Amino acid sequence: MAVAMSLGTLLIGCAGGGDVQDSDGGDFADASYEADLGTGPDTSDTFAGPDGDHAETGDGRGEGFVGEPGDLVPVPPETPAVPDIPTKPEAPVVPLVCHPIVGGWSTIEINGIWRGFTVQMPADTSNMALLFLWHGFLQLPDQFATTIVYDVPSRQWVRFDPNGFPMPLMIVTPWDLKILPPAGLDWDIVSGDIDLPFFDGMLECIRQQFSIDDSRIYSFGFSAGAVFSNLLSAIYPNLFAATISESGTWFNDQAQWSEVLIPIIQWQWPPFDPADGGNILLTHGGPRDFATIISLEAATRKALPFLHHNGRTVTECAHTFGHTLDPDLTQSMYYEWMWAHQRGGPPLGGLLPSFPSVERPVGATSCRFHPAR
């Protein structure tokens, strides 16, 4: 445990990285991705509620919940047991319980554990595309969801608009279990075994309650969230139409293992099959894109040939803002890139014209297109 806690302290840098600056070096805006530098992640039974301004007690199961699902009510001490009558066995735990999913806070129960997520719902819910947002280490999920793209006129980070996509878009922001190293970084990025049932359960419950276009399911992650999103793309290579990985890495490539300065984790990722293909938008932030124990800039240099040789088509966007989301990519750019990818459809043939390029950079960002081999 001492090793885990000391490493957890070291990894606080994974949650954010300094101020965003313009190309002249002046303050551009606060990136709003700073970790809570107090006592670290809260491991008590009290956590901030989904609206961020109150606390709820317990473990997220709802007010008044006592005990685990299926627990028997204990016999009061003053009531003697009747030895001749057999005790009724506990009811088996239901693997997945779907609760009503609404805009805002929603929950599911998976293998007896309640997990939560927030939902941005479009006005028209008759048939929707689906986007998952995975936050970085120690980030607040709701804060992450509201600070995805940088709005230049207002000089602030804003959320994705679920009504701004070419078709209605449900946006889901999962809440983590505050996993500490070496088991993970909020998310189980070692093997996925802890969080995969949660993801599977969310997807199943969403599909039960809504009409989802299965050819348009997307995953967006930053930092540790990008690593988990990348892991999902390896485990489910034919599920996502495209993956957006900002300051992430792929640990089914042993060459990238060496970039971790404290190598205490044995990564358990499935290999890629080049025949599966895949579409990735990858961003990285230059020499300052460093999360205390790993240079994501150096990892990206190794990730690009790895992804190429494994049949992945990559749009790579380099910026100089360090360990943060790329502020030069607008919602319209993200949405155009996502819309260009449909599961089962052809990969892109080149860089989208609206994207920054080496010849036509936008701010500090330039993008390159890397076709699959």
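Quick look at the structure, then.

Analysis parameters
Residues numbered from 1 in each chain as written. Predicted model: local features only at pLDDT ≥ 70, side-chain atom pairs only at ≥ 80, totals over all residues. Heavy atoms only, no water. Helix = DSSP H or I, 4+ residues; strand = E, 2+ residues; numbered from the N terminus. Buried < 20%, exposed > 50% of the residue type's maximum accessible area, 1.4 Å probe, protein only. Contact = heavy atoms within 4.5 Å. Areas by Shrake-Rupley, 256 points an atom, 1.4 Å probe, with all protein chains shown as cover. Expected span 1.5 Å × (residues − 1). Phe/Tyr/Trp six-rings, centres within 6.5 Å; stacked < 30°, edge-to-face > 60°. Disulfide = S-S within 2.5 Å. Core = buried A, V, L, I, M, F, W, Y, C linked by side-chain atoms within 4.5 Å. Salt bridge = Lys/Arg side-chain N within 4 Å of Asp/Glu carboxyl O.

## Quick look at the overall build of the chain
Okay, step 1: A tally of helices and strands in the chain yields seven helices and 16 strands.
Okay, step 2: Across the 373 residues that make up the chain, the buried fraction comes to 52%.
Okay, step 3: Taking all contacts inside the chain whose residues are at least 6 apart in sequence as the whole, residues at least 24 apart take part in 69%.
Okay, step 4: In the structure as shown, the chain presents an accessible area of about 16600 Å², 57% of it carried by carbon and sulfur atoms.

## Comments concerning helix α6 (residues 296–309)
Okay, step 1: Between the first and last C-alpha of α6 there are 20 Å, a value that for 14 residues agrees with the 20 Å anticipated at 1.5 Å per step.
Okay, step 2: Of all the residues in α6, the buried ones are Leu296, Glu297, Ala298, Ala299, Thr300, Ala303, Leu304, Phe306 and Leu307.
Okay, step 3: On its buried face, α6 is in contact with α5 (254–257), β14 (279–284), β15 (313–318) and β16 (366–370).
Okay, step 4: Count one or two residues on from α6 and you reach Gly311, which has phi positive near 75°.

## Some words on the packing of aromatic side chains
How two aromatic rings sit relative to each other is set out by the distance from centre to centre and by the angle between their planes.
Okay, step 1: Enumeration according to the criterion identifies 20 aromatic pairs in this entry.
Okay, step 2: Ring centres of Tyr150 and Trp157 lie 5.4 Å apart, and the angle between their planes is 75°; this geometry places the pair in the edge-to-face category.
Okay, step 3: Look at Phe220 and Tyr334: their rings are 5.6 Å apart centre to centre, the planes differ by 65°, and that puts the pair in the edge-to-face class. Of this pair, Phe220 sits in strand β12 (residues 212–222) while Tyr334 is found in helix α7 (residues 331–339), placing the two residues 114 residues apart along the sequence.
Okay, step 4: The buried category is assigned to Phe220, whose relative accessible area is 0%.

## A few points about the state of the cysteines
Okay, step 1: Summed over the entire model, instances satisfying the criterion amount to two disulfides.
Okay, step 2: In this model Cys98 forms its disulfide with Cys205; the gap between the sulfur atoms is 2.0 Å. Across the disulfide from Cys98 to Cys205, rotation about the S-S bond amounts to roughly -80°, and the bridge is consequently left-handed. Remark: Cys205 occurs in helix α3 (residues 196–209) and Cys98 occurs in strand β5 (residues 96–98); sequence separation between them is 107 residues.
Okay, step 3: The class of Cys205 is buried, set by a relative accessible area of 0%.
Okay, step 4: Ordering the disulfide-forming cysteines of the chain by sequence position, one finds them joined as 1-2, 3-4.

## Comments concerning the nonpolar core
Okay, step 1: In terms of nonpolar packing, the biggest core is built from 53 residues, with Leu130, Phe132, Val172, Phe199, Met202, Ile206 and Trp250 touching the most fellow members.
Okay, step 2: Put simply, the parts of the chain that give this core at least two residues each are β7 (113–120), β8 (128–134), β11 (169–174), α3, β12, α4 (224–235), β14 and α6.
Okay, step 3: The contacts of Ile206, once residues within four sequence positions are left out, are Ile101, Leu130, Phe132, Met170, Val172 and Ile212.
Okay, step 4: One finds Tyr218, Cys317, Leu329 and Tyr335 within the second-largest nonpolar core, a separate group that totals 34 residues.

## Points about the pattern of salt bridges
Okay, step 1: Under the definition given, this model contains three salt bridges.
Okay, step 2: One salt bridge in this structure joins Arg115 and Asp195, with 3.1 Å as the shortest N-O distance. A residue pair is termed long-range when its members are at least 10 positions apart, and Arg115 in strand β7 and Asp195 in the loop between β11 and α3 qualify at 80 residues. Across this residue pair, the class does not change: Arg115 and Asp195 are buried.
Okay, step 3: The partner of Arg207 in a salt bridge is Asp214, with the nearest N and O atoms 3.2 Å apart.
Okay, step 4: According to the relative accessible area criterion, Arg207 is partly exposed, its value standing at 33%.

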